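Chain and residue survey
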Amino acid sequence: MSALIEQPIEKSERSDQPPIVNDFTINVATVNGSGSQTANATIIRALFKMGIPVTGKNIFPSNISGLPTWYTIRVNKDGYTARRDSTEILVAFNSQTADADLESLKEGAVCIHPQDVVLKDKANRPDVIFYTLPVKQFVKEANVDVKLRDYIANMAYVGVIMELLGIEPEQVKAALQTHFKGKAKPVEINYNMVNKAAEYVRNNLPKQDPYKVERMNATTGKFMIDGNSAGALGAIFGGVSFVSWYPITPSTSLVDALNDYLPELRPEDENGKATYAVVQAEDELAAAGMVIGAGWVGARSMTATSGPGISLMTEFTGLGYFAEIPGVIWDIMRMGPSTGLPTRVSQGDVLKTYYLGHGDTKNICLLPSNMKECFEFGWRAFDLAERLQTPVFVLSDLDLGMNLWMTDPFDYPAEPMDRGKVLTAAQLKELQGKWGRYEDVDGDGIAYRTLPGNQHPAAAYFARGTGHNPQAGYSERPDDWENNLARLAQKHDTARTLVPKPAVDERAGAKVGIISYGSADPAVVEARDQLREAGIETSYLRLKALPLDETTREFIGKYDHVYVVEINFDAQMRSLLQLHTPEYATRLIAANKCDGLPLTAQFIADKVKQGEGKA
Amino acid sequence: MTTELKAGNEKLNRLGLDKLDYKGRPSTLCSGCGHDSITSQIINVCWELGVDPQHLIKMSGIGCSSKSPAYFMNRAHGFNTLHGRMPSVTTGAMMANRELKAIGVSGDGDTGSIGLGQFKHLLRRNVPMVYIIENNGVYGLTKGQFSATADVGQKLKYAGTNELTPIDLCLEAVSSDCGFVARSFAGDAKQVRELLKAALSYNGTAVLDIISPCVTFNNHEDSTKSYPYGKAHEERIHDISFIESREEIQVDYDPGTTQIVQLHDGPIIQLRKLDEDYDPTDRGAAMQLLEEAHAKQEFITGLLYINQTRQTLSEIHNLPRTALADLPSEKLRPSKEVFDKLIGDLLA
Ligand SMILES: Cc1ncc(C[n+]2csc(CCOP(=O)(O)OP(=O)(O)O)c2C)c(N)n1
Ligand code: SF4
Ligand SMILES: [Mg+2]
């Protein structure tokens, strides 16, 4: 590209546009492994510190370096955080995708790119405002170690965005300080680059676009975190004492967070001994086995994995369900089948996980939608697992788990830890040793257990996956078998009353219901506002757990149409809802999408409008 | 244990327990099955040593052999886990409470095929447990298929002739630097007993690969895993005796013919050399011995390898004596102050 064309054209015409403040999406296109995460996190943190609602979503490849990656930053004064399809500001730092990225830009958008990212169609997009930067020259002048060059180069777009949008430089600096944990040298190197690029813009590239940011007050008292860290913190405040795991995207960072936070939050005891152990297993099968072993002995044990790992945990989940052993399994869902799109979001493990095992199994699944729930379910999962003596799944996903979300502070667990029905030696003495491991004394389907190491001579029982009677003795008797399964079903019904209740927002006059869960929530929230503007009032039920409960049945009963919004191909939750409420099966309309990306409000609104004949 | 020792009553062990207290449910295995004779030795040894059943866990995978834990020590918690997965469950259990003792019973199919990966990783981690493989060269419970330990040329009615090289589980164990590796024969009750005693005193994973004939599917005369073959061919590499405490070996022993191994909490293994000069603390020698036995088709038994220098997994993780399961909630859930500080940091 010649320097001439890069000069701003038609400048005056555009600057007449009224400014668009705190409402746009930036799409940063870079090469995976080039260190753009630091640059993106810096922009997000700086905006957040200016009190402006912001979210970031990383659309990254399954690759260590070289493949394209996109990071979308949504700035929205109304606090909407869902992904949008359109981009107002493109940072085209990846020559592999630059042409396609430019093509997908809507009219009047902005494109920031380095001189050496040559855009074939630049001339054909007179509507787009281009800002071209001599990034190579900046890097050369910065005179840093070769290894750092790519990272530093990315800081150039931070500088441009800062200058063009009016982000406060102090906040950029503060963000870098947070990122580099206060280490002066990297902060300085990076900030110099930011500054250099900003200066260049100031002197050479007059602003032609209408986008800008203004300080707000919408983030005070909030912080930003990813769901895997929130979940790990929740587990720590849930008293986790044994973790076994096998690395898999997107769950790895949950265990990383455990390893980061545990030493600080659960320091060694007065004898200098650890109060927890994190063991990297040889595979997910072994990870699940260790969780079951530790849970049997009475530790609060957990693992974190994703779809392929869940498959390997199938047999152990069945054993845990049937031998009635607590354990917590986080599934940070990613896109299948098979290896699928391992770095893209999905809610495709709902049916599988609910029924994981062979024969008749049904598992408890918690469905967090936001950072507070990732934290809360992190500790609550242990209480439920020990109360119900069964494996409990937390179905998070890549979007929740790995992206940065704004959140209000978490709440310290309001209830003491519930260790469930465990008989001590003293209690056994009182019972004169008379007890049955699988005997339903209280009528809730939950029997009492003892832990190995209990010193009462009658404490022991034999845990097994084979048929057993209430005394845990081996049995193939038809009545023992049937009675036991019936008790397990009853226990599952008890679970219905113990798991978190759905969040319901009912609107007067609404004829349309929406049911959703997990990371689909922000898009639903935004879509409902759009639908209201279009004259469609909706009520909303957000599921927080499986098994489904009566609230959900009542909700469905009230609406002519209930759209089930989810991120999977087979409309899995809709199937479960139909099974739960066969009388309403035809009211439940699938509003599912499965393309590897977080849902947009637009998609949901269109789907509902279509269904309601208002498209 | 609360029961007091009733002085003079020889039927009671040091915990005041009768041998009957170490019994399990009646066995449902075929009569004459090698696995049952190993069960008897487990009962004898645990009673004799006064192993506290309430501090023991009995673990297994799936198979005829893996049913055995139901047939001994009713007073101990047991877990009949999944096929080949005893190691991972035991790892979790022993991490949750390092004061427990674990006896695991597996089969050659359970350990050598479906569970080989978990077996190797258990050894890498050195999880304290006695790991018994009741090795019959066949899948008993699924009725007569070859297992991975069957020797080349072995014949089974159901499965024909085995053409594949066997996996030697002792060799696998030694190569993983498992610190206690022994081979024995269910027909050699005394040796099984002495090895079991030593294994129970070993701090780490102790592997006992015990040839345990399947009388229903693999006990024909020319089977290398049969009683007749074992009886005719067993070659002990030494005579092993387990001695509970040092005071008991006042008797002079000749260092030329007797090797003494002191176990970590006091007991002693006395190995009286037979024909060959063999030092079980030498890992290279152990591998060589096994390789040679293989080549020469010899059935050697005894303590093949001992190494007491490795840390156990719970030691590596610096776990407390108190079971993780028994930690009170103040130790498990950080305080509100810690929480407030954390939230403050996140808000900063
Ligand atoms: C996942 C799984 N696959 C297969 C089986 C069937 N099965 C049960 S026992 C067994 C073989 C047991 O052989 P071994 O461990 O040698 O024990 P033995 O019966 O010979 O004592 C098999 C294949 C199973 N229970 N689980
Ligand atoms: S089939 Fe073989 S291994 Fe199984 S119980 Fe009978 S003799 Fe023992
Ligand atoms: Mg076998």
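Only a predicted model underlies this, so the values are computations on that prediction, with no experimental measurement involved.

About the cut-offs
- Residues numbered from 1 in each chain as written.
- Chains lettered and ligands numbered in written order.
- Predicted model: local features only at pLDDT ≥ 70, side-chain atom pairs only at ≥ 80, totals over all residues.
- Heavy atoms only, no water.
- Helix = DSSP H or I, 4+ residues; strand = E, 2+ residues; numbered from the N terminus.
- Rg over C-alpha atoms; globule rule 2.2 N^0.38 Å.
- Buried < 20%, exposed > 50% of the residue type's maximum accessible area, 1.4 Å probe, protein only.
- Contact = heavy atoms within 4.5 Å.
- 1 Å grid on protein atoms, 1.4 Å probe; cavity = no way out; pocket = protein on both sides within 12 Å on 5 of 7 lines; lining within 4 Å.
- Points joined across faces, edges and corners; volume = space filled by probe spheres on them.
- Nonpolar A, V, L, I, M, F, W, Y, C, P; charged D, E, K, R; others polar.
- Near = heavy atom within 4 Å.
- Polar contact = N/O pair within 3.5 Å; in protein donor to acceptor, adjacent residues only side chain to side chain.
- Areas by Shrake-Rupley, 256 points an atom, 1.4 Å probe, with all protein chains shown as cover.
- Donors = N, O, S within 2.8 Å, 3.2 Å for Na, K, Ca; no water.
- Pairing = 2+ DSSP bridges.
- Axes fitted to C-alpha atoms, helices over the stretch in contact; angles between N-to-C directions.
- Parallel < 35°, antiparallel > 145°, perpendicular 65-115°, else oblique.
- Left-handed = near helix turned anticlockwise from the far one by under 90°.
- Buried area = accessible area lost by both parts, 1.4 Å probe.
- Salt bridge = Lys/Arg side-chain N within 4 Å of Asp/Glu carboxyl O.
- pLDDT = per-residue confidence, 0-100.
- Domains from an automatic or database assignment.

Here's the deal with the overall build of chain A
- Scanning chain A from N- to C-terminus turns up 22 helices and 24 strands.
- Relative to the compact-globule value of 25 Å for 615 residues, chain A shows a C-alpha radius of gyration of 27 Å, a close match.
- When each of the 615 residues of chain A is scored for burial, the buried share is 59%.
- In chain A, of all internal contacts separated by at least 6 residues, the share reaching a separation of at least 24 is 76%.

Quick look at empty space enclosed by the protein
- Per the stated rule, a full pass over the model turns up 12 cavities of 30 Å³ or more.
- Estimates place the volume of the largest cavity at around 340 Å³.
- What lines the largest cavity is a set of 20 residues, and nearest its centre among them are B:Asp151, B:Arg183, B:Lys225, B:His294 and B:Glu298.
- Secondary-structure elements contributing two or more residues to the lining of the largest cavity are strand E10 (205–211), helix H9 (283–295) and strand E15 (299–306) of chain B.
- Take the lining of the largest cavity: its biggest share by element is 3 residues, from H9(B).
- For the lining of the largest cavity, the residue count by class is 9 nonpolar, 5 polar and 6 charged.
- Together, A:Tyr321, A:Lys362, A:Asn363, A:Ile364, A:Leu388, A:Thr390, A:Pro391, A:Leu488, A:Lys491, A:His492 and A:Ala495 line the second largest cavity.

Examining the site of ligand 1
- Around ligand 1 sit 18 residues, and of these B:Cys64, B:Ser65, B:Asp108, B:Gly109 and B:Asp110 come closest.
- Chains contributing residues near ligand 1 are chains A and B.
- Take B:Val138: an N or O atom from its main chain is 2.9 Å from an oxygen atom of ligand 1.
- In the complex, the protein chains occlude 77% of the 590 Å² of accessible area that ligand 1 would expose alone.
- Broken down by secondary-structure element, the contributors of at least two residues to the shell around ligand 1 are helix H2 (64–67), helix H4 (108–114) and strand E5 (138–139) of chain B.
- For the shell around ligand 1, the leading source of residues is H4(B), giving 4 residues.

Overview of the coordination of the magnesium ion (ligand 3)
All names here are of chain B.
- Only Asp108 (OD), Asn136 (OD1) and Val138 (O) from the protein coordinate the magnesium ion (ligand 3), and they sit 2.1 to 2.2 Å from it.
- Counting residues between consecutive donors of the magnesium ion (ligand 3) along the chain gives the motif D-x27-N-x1-V. Summarising the burial analysis for this pair, Asn136 and Val138 share the class buried.

Remarks on the pairing of strand E7 (residues 129–133) of chain A
Residues and elements named next belong to chain A.
- Among the 5 residues of E7, 5 are classified as buried, and the element is accordingly described as predominantly covered.
- The alternating pattern of E7 places Ile129, Tyr131 and Leu133 on one face and Phe130 and Thr132 on the opposite face, and all of these are buried.
- Where strand E6 (residues 110–114) and E7 come together, 5 bridges link them in parallel fashion. By the bridge assignment for E7, Ile112 is matched with Tyr131.

Details of the packing of helix H7 (residues 169–179) of chain A against helix H8 (residues 184–204) of chain A
Residues and elements named next belong to chain A.
- The N-to-C vectors of H7 and H8 enclose an angle of 150°; their axes lie 10 Å apart at closest approach. If you check the angle between H7 and H8, you find them roughly antiparallel. As for the relative orientation of H7 and H8, their crossing is right-handed in sense. Listed contacts from H8 to Pro169, Val172, Lys173, Leu176 and Gln177 of H7 are Val187, Asn190, Tyr191 and Val194.
- Grouping the amino acids of the contact of H7 with H8 by side-chain chemistry returns 6 nonpolar, 2 polar and 1 charged.

Let's talk about the site of ligand 2
- Taken together, the neighbourhood of ligand 2 is formed by B:Leu29, B:Cys30, B:Cys33, B:His35, B:Cys64, B:Asn136, B:Cys214, B:Val215, B:Thr216 and B:Phe217.
- Of the residues assigned to the shell around ligand 2, the class counts are 7 nonpolar, 3 polar and no charged.

Quick word on the interface of chain B and chain A
- On the side of chain A, 71 residues touch chain B, which itself brings 54 residues to the contact.
- Between chain B and chain A lies a buried interface of about 5100 Å² when both sides are counted; carbon and sulfur atoms form 66% of it.
- Among the residues chain B hides against chain A, the three largest losses belong to B:His77, B:Phe79 and B:Arg333. Together they make up 15% of the total.
- Run the count over chain B and chain A and you get 2 salt bridges.
- Between B:Lys331 and A:Glu270 there is a salt bridge; the shortest N-O distance is 3.4 Å.
- If you look at where chain B meets chain A, you find 19 residue pairs in polar contact (both at pLDDT 80 or more).
- For the side of chain B that touches chain A, the secondary-structure elements that each account for two or more residues are strand E1 (56–60), strand E2 (77–80), helix H3 (86–96), helix H5 (116–125), helix H11 (329–332) and helix H12 (336–347) of chain B.
- In terms of residue class, the side of chain B that touches chain A is built from 28 nonpolar, 18 polar and 8 charged.
- When strand E18 (residues 462–464) of chain A meets E2(B), the two strands line up parallel, connected through 3 bridges. Within the sheet, the bridge partner assigned to A:Arg464 lies in E2(B) and is B:Asn80.

Description of the side chain of B:Asn97
- Relative to the assigned elements, B:Asn97 resides in the loop between H3 and strand E3 (101–107).
- According to the relative accessible area criterion, B:Asn97 is buried, its value standing at 5%.
- At a separation of 3.0 Å, a polar atom in the side chain of B:Asn97 contacts the main-chain amide nitrogen of B:Glu99.
- Leaving out residues up to four positions away in the same chain, B:Asn97 has contacts with A:Val297, A:Pro452 and B:Ala323.

Description of the packing of helix H6 (residues 149–165) of chain A against H8(A)
All names here are of chain A.
- Relative orientation of the contacting elements H6 and H8 amounts to 50°, with a least axis distance of 7 Å. Taken together, the axes of H6 and H8 are oblique relative to one another. In this structure, H6 crosses over H8, and the sense of that crossing is right-handed. Judged by residue contacts, Ile152, Ala153, Met155, Ala156, Val158, Gly159, Val160, Met162, Glu163 and Leu164 of H6 engage Ile189, Asn190, Tyr191, Met193, Val194, Ala197, Ala198, Val201 and Arg202 from H8.

Quick notes on the confidence of the model for chain A
All names here are of chain A.
- Put simply, chain A has an average pLDDT of 95, and 97% of its residues get 70 or more.
- Here helix H1 (residues 3–6) is the element of chain A with the lowest mean pLDDT, 42, and strand E15 (residues 364–366) is the one with the highest, 99.
- Below pLDDT 50 for its whole length, residues 1–13 participates in 14 contacts with residues either more than four positions away or in separate chains.

Focus on the environment of A:Val291
Residue and element names in this part refer to chain A.
- Topologically, Val291 is positioned in helix H11 (residues 284–297).
- Exposure remark for Val291: the relative accessible area of 2% places this residue in the buried category.
- Residues Val291 and Phe242 lie 49 residues apart in sequence; the distance between their C-alpha atoms is 7.4 Å.
- What Val291 contacts, discounting residues up to four positions off in sequence, is Phe242, Ser244, Ser301, Met302, Thr303, Pro326, Gly327 and Val328.

Observations concerning the layout of surface pockets
- Of the voids in this model, the largest pocket is the one considered here, and its volume is about 1400 Å³.
- Lining the largest pocket we find 36 residues, and of these A:Arg45, A:Ile225, A:Asp226, A:Ser229 and A:Leu404 sit closest to its centre.
- Those elements that place two or more of their residues in the lining of the largest pocket are helix H3 (36–49), H7, strand E9 (223–226), helix H10 (252–265) and helix H16 (398–402) of chain A together with H12 of chain B.
- Broken down by element, the lining of the largest pocket gets its largest block of residues, 7 residues, from H10(A).
- In terms of residue class, the lining of the largest pocket is built from 16 nonpolar, 11 polar and 9 charged.
- In this structure, the second largest pocket occupies an estimated 1100 Å³ of space.
- In terms of lining residues, the second largest pocket is bounded by 46 residues, among which A:Phe462, A:Arg464, A:Thr466, A:Ala472 and A:Tyr474 are the most central.
- Looking at the lining of the second largest pocket, the elements with two or more residues in it are helix H13 (314–323), E18 and helix H18 (478–498) of chain A together with H2 of chain B.
- Here the lining of the second largest pocket takes 5 residues from H13(A), the largest share from any one element.
- Considering only residue class, the lining of the second largest pocket consists of 21 nonpolar, 18 polar and 7 charged.
- Counting contributing residues per domain, the lining of the second largest pocket is built from domain 2 (225–407) and domain 3 (425–498) of chain A, each supplying no fewer than three.

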